[in-house]
Amino acid sequence: MAELLKDIYHKDFLNQFAHKIQGKYSAFDTEAFVNSVMDESWEGLALRNRMQQIVKRLRAYLPVSYEEALAVLFKIDEMCVGFPYLFFSDFVACYGQEERHWDLSMQALERFTQRSSAEFAVRPFLLRHTERGMAQMTRWAQH
């Protein structure tokens, strides 16, 4: 039987990811993070739900301010390349929607999409701020 795509998120992956963060943000509790992600609901979660679970738990273990939390992710994003790291952009979509975070969130999406994708994460920004979002997409199209 073929392996399910959701199974790319397993304990070893989460431990490796958590140690990357902990290496740049010493207050990050790797064991508590992994255990909170892989709670009793984990096995029954589909791919997108697992990604959302990771994002929610990241929020609990990274610095409280969005700006500081993103700064930690910026320190490790070059080590986090490929499909499994789509949740970096999801973090931005979940926690970076406030108007005051627009520029930082756009910077983050531009940065993260180069290593994975922000295809889904950019959509809520486009829906909430269509003109501004389309202007940003036009600038990115020239990138």
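A brief look at the structure comes next. These figures come from a predicted structure and were not determined experimentally.

### Notes on the overall build of the protein chain
Along the protein chain, the regular secondary structure elements total eight helices and zero strands. What you see in the protein chain, going N to C, is helices and strands ordered as α-α-α-α-α-α-α-α. Here the C-alpha atoms of the protein chain give a radius of gyration of 15 Å, agreeing with the 15 Å that 2.2 N^0.38 yields for 143 residues. Taken along the three principal axes of its C-alpha coordinates, the protein chain extends 40 × 40 × 25 Å. Long-range contacts, defined as pairs at least 24 residues apart, comprise 68% of the intrachain contacts of the protein chain with a sequence gap of at least 6.

### Examining the environment of Lys 56
Residue placement: Lys 56 occurs in helix H3 (residues 47-61). Once the C-alpha coordinates of Lys 56 and Lys 6 are considered, the two residues, 50 residues apart in sequence, prove to be 17 Å apart.

### A closer look at the packing of aromatic side chains
One pass over the full model with this rule turns up 18 aromatic pairs. Seen in terms of ring centroids, Tyr 66 and Phe 91 are 6.4 Å apart; in terms of plane orientation they differ by 10°. Their pairing is stacked. Separated by 25 residues along the polypeptide, Tyr 66 in helix H4 (residues 66-76) and Phe 91 in helix H5 (residues 87-95) bring together distant segments of the chain. Look at Tyr 66 and you get buried, because its relative accessible area is 4%. Judged by centre distance (5.9 Å) and plane angle (50°), the ring pair of Tyr 85 and Phe 87 falls under tilted.

Calculation rules
Residues numbered from 1 in each chain as written. Predicted model: local features only at pLDDT ≥ 70, side-chain atom pairs only at ≥ 80, totals over all residues. Heavy atoms only, no water. Helix = DSSP H or I, 4+ residues; strand = E, 2+ residues; numbered from the N terminus. Rg over C-alpha atoms; globule rule 2.2 N^0.38 Å. Contact = heavy atoms within 4.5 Å. Phe/Tyr/Trp six-rings, centres within 6.5 Å; stacked < 30°, edge-to-face > 60°. Buried < 20%, exposed > 50% of the residue type's maximum accessible area, 1.4 Å probe, protein only.

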